[in-house]
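This is what each chain is made of:
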Amino acid sequence: MRKLWGVLALSLLAACVPGQLPPSEAKSALGFAARPGEANAFGVQDPVAEIQRLFRPGPGRTGVALTRAGRTAIGVGFREFPGESRSDPIAWVSGDGGTREIVLPQDRPGHWAPTAIAADGDRVLVTAALGGDVRVWASGDAGATWTVSQVLVRASDVWFSTALRVGGKWLLAGGSAAGALVVTGEPDAWEIAPLGDGRILGGTVGKAGEPVLFGDRVEWNRGKTSNRSCSVVWVGQGGWQRGELGCPAGRLTAAMTLDDGRVVLKGDRDLWVRPS
């Protein structure tokens, strides 16, 4: 995800350039307490590195996201064809019978590059978007077989960074040209919820089963001649709540729910922690 949806963070050096908005301090919101400079306290799994270690994708193949369905590890990515205007969505499935590469089914050709994956037992969901065209791939047998279906989203420049299983439904989160976007439901039965300014870059599920999503928004100066990136958190508990986490120099990169129930948002430099 970091490779596909990296966010350009304003550095302290850039803040000294005339016309640039300087970073501001990390803030606390929605129960999260800011801990400036403590990001190194937590290590985070890099799904791309794990895909390379577990599956060793071949030439022309790029790994993107990783999950586990029971005893099966499943990585997803895409295969490119030099000189051709298409790419194939790929799944790598590793279980007791070894590792298999599976080309996911397509109902039409295009640059299909999966961006997010989630699992619930043997059920797996993968998503990708192409402009305003969204597809999900579903498996009910831990990646052995797959179906493809469309998600009707009336928006342009749609993309999804995150897939979660929440409250017995799938949740897809990302953004569009109109702002942050969440889609919940099941294949062929989706509900769409715009969440206002910004875009969603990742998320986790809290101890009580609530989705916790993080992302960013752009803040412009009064003359709209320069801007900076500001961090945002959304919590889905009795409706969606939004919290502003300031405009620090580093970006948010990951969300984790710890064994003790605390939820941690990790940035390049700072941490935000919500007690259990």
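Presented here is an overview of the structure given in this document. Since the model is a prediction, treat every value here as computed from it, not as a measurement.

1. Points about the overall build of the protein chain
For the protein chain, the helix and strand inventory stands at three helices and 20 strands. Taken against the 2.2 N^0.38 rule, which gives 19 Å for 276 residues, the C-alpha radius of gyration of the protein chain at 19 Å falls within 12% of a compact globule. Reported as C-alpha extents along the three principal axes, the dimensions of the protein chain are approximately 55 × 45 × 35 Å. When each of the 276 residues of the protein chain is scored for burial, the buried share is 49%. Here the analysis covers contacts within the protein chain between residues at least 6 apart in sequence; of these, 46% occur between residues at least 24 apart. Working note: accessible area of the protein chain is about 13,000 Å², and carbon and sulfur atoms make up 50% of it. Charged side chains of the protein chain number 30 positive and 27 negative; the gap between the two group centres comes to 3 Å.

2. A few points about the sheet that holds strand β18 (residues 252-257)
Spatially, four strands are ordered β1-β20-β19-β18 in an open sheet, and the strand pairing comes out antiparallel. If you trace the sheet from one side to the other, it starts and ends with β1 (33-35) and β18, each paired once. The sheet shows a mean angle of 20 degrees between the axes of neighbouring strands, direction not considered. Looking at chain direction, β18 and strand β19 (residues 263-267) are connected through five bridges and run antiparallel. Opposite Met256, over in β19, you have Val264 as the bridge partner.

3. Looking at the pairing of strand β8 (residues 133-139)
Within β8, seven of the seven residues are buried, leaving the element largely enclosed by the surrounding structure. Neither face of β8 is exposed, since Asp133, Arg135, Trp137 and Ser139 on one face and Val134, Val136 and Ala138 on the opposite face are all buried. Bridging between strand β7 (residues 123-130) and β8 involves seven bridges; their strand directions are antiparallel. Bridged to Ala129 within β8 is Val134.

4. Quick look at the state of the cysteines
A complete count under the given rule lists one disulfide for this structure. Between the sulfur atoms of Cys230 and its disulfide mate Cys247 the distance is 2.0 Å. Because the torsion about its S-S bond is 90 degrees, the bridge between Cys230 and Cys247 counts as right-handed. Linking Cys230 in strand β16 (residues 227-236) with Cys247 in the loop between β17 (240-244) and β18, this pair joins segments that are 17 residues apart in sequence. Exposure class is identical for Cys230 and Cys247. Each is buried.

5. Details of the pattern of salt bridges
Here the structure, examined in full by the defined rule, presents 20 salt bridges. The partner of Arg199 in a salt bridge is Asp216, with the nearest N and O atoms 3.1 Å apart. Here Arg199, found in strand β14 (residues 199-205), pairs with Asp216, found in strand β15 (residues 211-220); they are 17 residues apart in sequence, far enough to count as distant. By relative accessible area, Asp216 is classed as buried at 8%. Between Arg217 and Glu244 there is a salt bridge, with its nearest N and O atoms 2.8 Å apart. Of the two residues, Arg217 sits in strand β15 while Glu244 sits in strand β17, which places them 27 residues apart along the sequence. For Arg217, a relative accessible area of 16% puts it in the buried group. According to the relative accessible area criterion, Glu244 is partly exposed, its value standing at 31%. A cluster of three or more residues bridged by salt bridges with shared partners is formed by Arg217, Glu219, Arg228, Arg242 and Glu244.

6. Brief notes about the packing of aromatic side chains
Considering all chains together, one arrives at one aromatic pair under this definition. Consider the rings of Trp112 and Trp137, whose centres lie 6.3 Å apart with planes at 80 degrees: the pair is edge-to-face. With Trp112 in the loop between β5 (98-103) and β6 (116-120) and Trp137 in strand β8, the pair connects residues that are 25 residues apart, well separated along the chain. Exposure remark for Trp137: the relative accessible area of 1% places this residue in the buried category. Against the face of Trp170 rests Arg165, its NZ or CZ located 4.5 Å from the ring centre.

Definitions and limits used
- Residues numbered from 1 in each chain as written.
- Predicted model: local features only at pLDDT ≥ 70, side-chain atom pairs only at ≥ 80, totals over all residues.
- Heavy atoms only, no water.
- Helix = DSSP H or I, 4+ residues; strand = E, 2+ residues; numbered from the N terminus.
- Rg over C-alpha atoms; globule rule 2.2 N^0.38 Å.
- Buried < 20%, exposed > 50% of the residue type's maximum accessible area, 1.4 Å probe, protein only.
- Contact = heavy atoms within 4.5 Å.
- Areas by Shrake-Rupley, 256 points an atom, 1.4 Å probe, with all protein chains shown as cover.
- Lys, Arg positive; Asp, Glu negative; His and termini not counted.
- Charge placed at Lys NZ, Arg CZ, Asp CG, Glu CD.
- Pairing = 2+ DSSP bridges.
- Axes fitted to C-alpha atoms, helices over the stretch in contact; angles between N-to-C directions.
- Disulfide = S-S within 2.5 Å.
- Salt bridge = Lys/Arg side-chain N within 4 Å of Asp/Glu carboxyl O.
- Phe/Tyr/Trp six-rings, centres within 6.5 Å; stacked < 30°, edge-to-face > 60°.
- Lys NZ or Arg CZ within 6 Å of the ring centre and 35° of its normal.

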